[in-house]
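# Understanding the architecture of this molecule
Here is what each chain is made of, one letter per residue.
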Amino acid sequence: MSDAIEKIPYRRTVFAVFVLFVFGTSTAEIVVEFAAGETLGAMGDDLSRLALSVVMLALFLYEYLVQRRALGELRGQLNKARGQLARLDTGSRNLASQYRAVMQKQFDAWQLTASEQDVVIGMLKGLSFREIAELRETREKTVRQQASSVYQKAGVNSRNELAAWFFEDMLEPP
């Protein structure tokens, strides 16, 4: 995936460790000062750091639980989609395989590279250039350049014309 996405868990981990460090040092300082006979009023700065770190830990826990629930929902959707795919009959799979073979013949006729073929498939699936770039672990600019190359090789001017090229014959009445 992209570097920005990979850095998010790392940054969260570093920040969580920092908050835990503040929480631990504040707690230790309060215990030591209280044992030394200081009043709670004199430990106001320590108590405020402790309270802030408790709030931050609570927010981290809440975010973690929300993400776990969302992940569970996504897993449920994935299982549902897998179930729907499993119910596809053999005829549908054969038809899809035949159409993919027809597409491959056209890719070969246009002399598309493997990367350009991936971009075409992504565009036909309705993915944005950014989404295609993330899936292919490349830059969006690279995907745009590959799409332009595909348009030129296919003799079309846009994503819509490219999609129409592949689907037009399927939509005509028999």
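Residues numbered from 1 in each chain as written. Predicted model: local features only at pLDDT ≥ 70, side-chain atom pairs only at ≥ 80, totals over all residues. Heavy atoms only, no water.

## A closer look at the overall build of the protein
A count of helical and extended segments in the protein gives seven helices and zero strands. The N-to-C order of helical and strand elements in the protein reads α-α-α-α-α-α-α. Residues counted as buried form 18% of the 174 residues belonging to the protein. By sequence separation, contacts in the protein at least 24 residues apart represent 53% of the contacts at least 6 residues apart. Carbon and sulfur atoms make up 60% of the accessible area of the protein, which amounts to about 12700 Å² in all. (Helix = DSSP H or I, 4+ residues; strand = E, 2+ residues; numbered from the N terminus. Buried < 20%, exposed > 50% of the residue type's maximum accessible area, 1.4 Å probe, protein only. Contact = heavy atoms within 4.5 Å. Areas by Shrake-Rupley, 256 points an atom, 1.4 Å probe, with all protein chains shown as cover.)

## Looking at helix α5 (residues 129-136)
Restricting attention to buried positions, one finds in α5 the residues F129, I132 and A133. For α5, the buried positions fall inside an angular range of 100° around the axis, keeping them on one side. Exposed positions of α5 whose direction lies more than 90 degrees from the buried face are R130 and L135. After α5 finishes, the residue E137 shows a positive phi value of roughly 55°. (Arc of directions from axis to C-beta.)

## Focus: the side chain of S26
Among the structural elements, S26 can be located in helix α1 (residues 3-35). The contact partners of S26, leaving out residues within four places of it in the chain, are D46, R49 and L50.

## Points about the nonpolar core
Counting 18 residues, the largest nonpolar core has V120, M123, Y151, L162 and F166 as the members making the most contacts within it. Contributions of two or more residues to this core are made by α3 (90-110), α4 (114-124), α5, α6 (140-154) and α7 (159-171). Counting residues per element, this core draws most heavily on α6, at five residues. When residues no more than four places from it in sequence are discounted, the contact partners of M123 are F129, I132, A147, Y151, R159 and L162. (Core = buried A, V, L, I, M, F, W, Y, C linked by side-chain atoms within 4.5 Å.)

Spatial relationships are all this shows, so hold off on functional conclusions.
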